[in-house]
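One letter stands for each residue in the lines below.
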Amino acid sequence: MTISMDEMIQRVVRYDDLIPCRTAFIDARTPGSDRKENFTIIGPGVSENPGQHIHIKMPHGFNVGGARQPAGCVNSQHSHETAEVFLVHSGVWAFRSGHDGTDGEVILHPGDVISIPVNVFRGFECLEGEDSFLFALLGGDDPGQVDWAPYVFEDAAGHGLVLTKAGRLIDTAIGETIPEGDEPCRPTMADDVPRFRRLSSADLQAHVIADAHAPLCAETTLAARASGVREAPLLGPGNACEAVAAGKVSSEHGFHFRKLVFAAGGTIPSHAREEREVVFVHRGAITIGWGDHAVTLTPGDTATLPEGLSRQWHADDTQGAVVFVVRGTDSPAPPRWAEQATHQAKGDLAAVV
């Protein structure tokens, strides 16, 4: 397959073009949480504000989003129905577990990844850096609704925000009213807290993949055919057909999450994949070419590459690149190299003749 340059541009979300929502969730006016920006990059996400901008709506089997916060800004304690994964792109962040944030805590730095299980209250705070950014993944095309800790509802009520059963955030302070047929949701109560799993600091740490400890390998199916590229499994089970070991967090997420480290001028030759592949640039720059076209991605940019598209990668010639990729399904197929596709096409033609 091939796509035009215009079609590819629709699949690229530049960091500088991200459109934030500052009232995405019920804690949007709570002091300490009122300066955060939330982004829905791919898929519907879990925003409670119907005005949240969705950059790319096509289903992927997972959702991609982001959060940008200044130092001291807090995302209140909440739980998700599907796995939630964060990559720290910039800043220093504290992740805390428990309905009041006191069960456990880990501190993450740029390049670190954490995967937080379902049915766990979690929250996070930016500790250092202005406009610090988290790249986020949620499992499934429909990740459901957010369960908030009891105190979040209590704080929101004092600022005129009401969450409805349909998952819609109503701002009574500006005159909004609950739509006919909907009604306020039942707030999480103290009696509900015991049904949520509790994680200690050690438990949380077991779900962290530190940037310095990611096991880079030059012998995966992809890296072995590339030049100056190493691949690290972060999340997901081992995948023998790609010669990829299990990530530190090896449970099934519905996707694999990997890190690619390119030396200056590193390249991956032309290949196609059977799954949609989402690319996030953490450091440096990477150029992805297909046919007669090419697009260059720089730090903070996100792109989704369609199934079957033959693409080649080339890192910046002076500084290389660090790129994170999401590959759909728990068992991605190996890359299909250009010469394999040519051989297959010849075989198909011979069969027809």
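Sequence order as written defines residue numbering, which begins from 1 separately in each chain. Reporting in this predicted model follows two pLDDT cut-offs: at least 70 for local features of residues, and 80 or more for side-chain atom pairs to be given and counted; totals over whole chains, interfaces and linings ignore these cut-offs and use all residues. Side-chain metrics in this entry use all non-hydrogen atoms of the structure; hydrogen atoms and water are not considered.

Chemist: Would you explain unusual backbone geometry in this entry?
Modeler: Trans peptide bonds make up most of the peptide bonds, and negative phi angles are found at most residues other than glycine. Look at Asp131: it is not a glycine, yet its phi comes out positive at around 55°. Structurally, Asp131 can be placed in the loop between strand E10 (122–128) and strand E11 (132–139). At Ala243, a position not held by glycine, the phi torsion is positive, near 55°. For helices the rule is a DSSP run of H or I covering at least 4 residues; for strands it is a run of E covering at least 2, with both sets numbered from the N terminus onward.

Chemist: Whenever I open this one, the nonpolar core confuses me. Can you help?
Modeler: Buried together is how nonpolar side chains tend to be arranged in soluble globular proteins. In this text, buried Ala, Val, Leu, Ile, Met, Phe, Trp, Tyr and Cys residues form a nonpolar core when linked through side-chain atoms within 4.5 Å. Throughout, exposure labels follow a simple rule: accessible area from a 1.4 Å probe, protein chains only, divided by the maximum for the residue type, with under 20% read as buried, over 50% as exposed, and the rest as partly exposed. The biggest cluster of nonpolar side chains holds 29 residues, and the ones touching the most others in it are Val64, Val113, Phe135, Leu137, Leu234, Leu235 and Phe257. Mapped onto this core, the elements with two or more residues apiece are strand E2 (37–42), strand E4 (62–69), strand E6 (84–88), E11, strand E16 (227–235), strand E17 (255–272), strand E18 (277–284) and strand E23 (321–328). Here a residue-residue contact requires only that any non-hydrogen atoms of the pair lie within 4.5 Å. Discounting residues that sit within four places of it in the chain, Val64 has contacts with Thr40, Ile41, Ile42, Phe135, Ala136, Leu137 and Val278. Listed in part, the 25 residues of the second largest apolar core include Leu260, Ile288, Trp290 and Ala315.

Chemist: What's the story with helix H2 (residues 150–157) in this structure? I'm lost.
Modeler: For H2, the set of buried residues is Pro150, Val152, Phe153 and Ala156. When H2 is viewed along its axis, its buried side chains cluster within an angular range of 165° and face the same direction. In this fold, the buried residues of H2 make contact with strand E5 (74–79), strand E12 (147–148) and strand E13 (161–163). Starting at the helix axis, one direction is taken to each C-beta atom, and the arc is that of these directions.

Chemist: Can you walk me through the pattern of salt bridges in this structure?
Modeler: Pairing is possible between side chains that carry opposite charge, provided their charged atoms lie close to one another. Whenever a carboxyl oxygen of Asp or Glu lies within 4 Å of a side-chain nitrogen of Lys or Arg, that contact is scored as a salt bridge. What the rule picks out here adds up to 20 salt bridges. The residue Asp103 makes a salt bridge to Arg198 at a minimum N-O spacing of 2.8 Å. With Asp103 in the loop between strand E7 (92–97) and strand E8 (104–108) and Arg198 in the loop between strand E14 (169–171) and helix H3 (201–205), this pair connects stretches of sequence that are 95 residues apart. Connected via shared salt-bridge partners are Glu231, Glu242, Arg258, Arg273, Glu277, Arg311 and Arg327.

Chemist: When you look at the sheet that holds strand E9 (residues 113–116) in this model, what are you seeing that I'm missing?
Modeler: Any two strands with at least two DSSP bridges between them are considered paired. Within the open sheet, the seven strands sit side by side as E3-E2-E4-E11-E6-E9-E15. Their pairing is mixed. Since the sheet does not close on itself, it has two edges, and those belong to strand E3 (54–56) and strand E15 (208–209), each with one partner. Strand direction decides the pairing type here: E2 and E3, joined by two bridges, are parallel. Each residue of the ladder has a partner; that of Ile42, found in E3, is Ile56.

Chemist: Quick question: what am I supposed to make of the environment of Thr287 here?
Modeler: Along the chain, Thr287 turns up in strand E19 (residues 286–290). For the pair Thr287 and Asp316, spaced 29 residues apart in sequence, the C-alpha separation works out to 7.7 Å. Other than its neighbours up to four places away in sequence, Thr287 contacts Ala294, Val295, Thr296, Gln312, Trp313 and His314. Whenever a nitrogen or oxygen atom comes within 3.5 Å of another N or O atom, the pair is scored as a polar contact, on the condition that within protein one atom can donate a hydrogen and the other can accept it, and that pairs from neighbouring residues in sequence are kept only if both atoms are in side chains. Within polar-contact distance, the side chain of Thr287 engages the side chain of Thr296 at 2.8 Å.

Geometric values such as these leave the question of function open.
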